[in-house]
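# A closer look at the structure
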Amino acid sequence: MANHKSSIKRIRQDKKKSLHNKYYAKTMRNAVRKLRNMTDKEEATKLYPTVQKLLDKLAKINIIHSNKAANLKSGLAQHIAKLG
């Protein structure tokens, strides 16, 4: 166990931040999964901007890498384009 006050506080902060990041990462995965499972192009087109905004926000605050966000957005756009 850590002996310094600062390291004890850092451990406490890291736990809190980790929990926060896990929540947003899971929310992002669920949103992407929901969009990928859609078969109606109109509904998917309506949902895409919100998922795109979420991905950009998470990339901005470094919960996911910016390239991962770009890859996911590209793949989802291709999926929507294939829907008929």
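Below is a short write-up of the structure. Computed from a predicted model, the values in this text were never measured in an experiment. (Residues numbered from 1 in each chain as written. Predicted model: local features only at pLDDT ≥ 70, side-chain atom pairs only at ≥ 80, totals over all residues. Heavy atoms only, no water.)

It is worth spelling out the overall build of the chain at this point. Of regular secondary structure, the chain possesses 3 helices and 0 strands. For the chain, the sequential pattern of α-helices and β-strands runs α-α-α. Seen along its three principal axes, the alpha-carbon backbone of the chain occupies a region of about 60 × 20 × 15 Å. The 84 residues of the chain split such that 26% are buried. Within the chain, contacts between residues separated by at least 24 positions form 57% of all contacts whose residues are at least 6 apart in sequence. By element, 53% of the accessible surface of the chain is carried by carbon and sulfur atoms, the whole surface being about 6,600 Å². (Helix = DSSP H or I, 4+ residues; strand = E, 2+ residues; numbered from the N terminus. Buried < 20%, exposed > 50% of the residue type's maximum accessible area, 1.4 Å probe, protein only. Contact = heavy atoms within 4.5 Å. Areas by Shrake-Rupley, 256 points an atom, 1.4 Å probe, with all protein chains shown as cover.)

Now for a nonpolar patch on the surface. Taken together, the side chains of Met-1, Ile-8 and Ile-11 present a nonpolar region at the surface, about 330 Å² in accessible area. Residue position: Ile-8 is located in helix α1 (residues 5-36). (Patch = residues over 30% accessible without salt bridge, like charges linked within 9 Å, V, L, I, M, F, W, Y side chains within 5 Å. Salt bridge = Lys/Arg side-chain N within 4 Å of Asp/Glu carboxyl O.)

Quick look at the nonpolar core now. If you look at the biggest cluster of nonpolar residues, it comprises 21 residues, and the most contacted ones within it are Met-28, Val-32, Leu-35, Val-51, Leu-55, Ile-64 and Leu-76. Per element, the largest residue contribution to this core is 8 residues, and it comes from helix α2 (residues 41-60). Once residues lying within four places of it in the same chain are set aside, the contact partners of Leu-35 are Ala-44, Leu-47, Tyr-48, Val-51, Leu-76, His-79 and Ile-80. (Core = buried A, V, L, I, M, F, W, Y, C linked by side-chain atoms within 4.5 Å.)

What follows deals with helix α3 (residues 66-82). For α3, with 17 residues, the first-to-last C-alpha span of 25 Å sits near the 24 Å given by 1.5 Å per residue. Against the buried residues of α3 lie α1 and α2. (Expected span 1.5 Å × (residues − 1).)

Counted by the stated rule, this structure contains 1 salt bridge. Between Lys-73 and Asp-56 there is a salt bridge whose closest N-O contact spans 2.6 Å. Here Asp-56 lies in helix α2 and Lys-73 lies in helix α3, a separation of 17 residues in the sequence.

Three or four residues apart is the spacing at which side chains of an α-helix point the same way, because the helix has 3.6 residues per turn. With 32 residues, α1 should cover 46 Å at 1.5 Å per step; its first-to-last C-alpha distance of 47 Å lies within 8% of that length. When α1 is considered as a whole, its buried residues turn out to be Ala-25, Met-28, Ala-31, Val-32 and Leu-35.

Let us look at the packing of α1 against α2. Describing two packed helices takes the angle between their axes plus the distance from one axis to the other. As a packed pair, α1 and α2 sit with axes 10 Å apart at the nearest point and diverge in direction by 155°. Considered as vectors, α1 and α2 are oriented roughly antiparallel to each other. The hand of the α1/α2 crossing is left-handed. Mapping the contact onto sequence places Tyr-24, Thr-27, Met-28, Ala-31, Val-32, Lys-34 and Leu-35 in α1 and Ala-44, Leu-47, Tyr-48, Val-51, Leu-54, Leu-55 and Leu-58 in α2. (Axes fitted to C-alpha atoms, helices over the stretch in contact; angles between N-to-C directions. Parallel < 35°, antiparallel > 145°, perpendicular 65-115°, else oblique. Left-handed = near helix turned anticlockwise from the far one by under 90°.)

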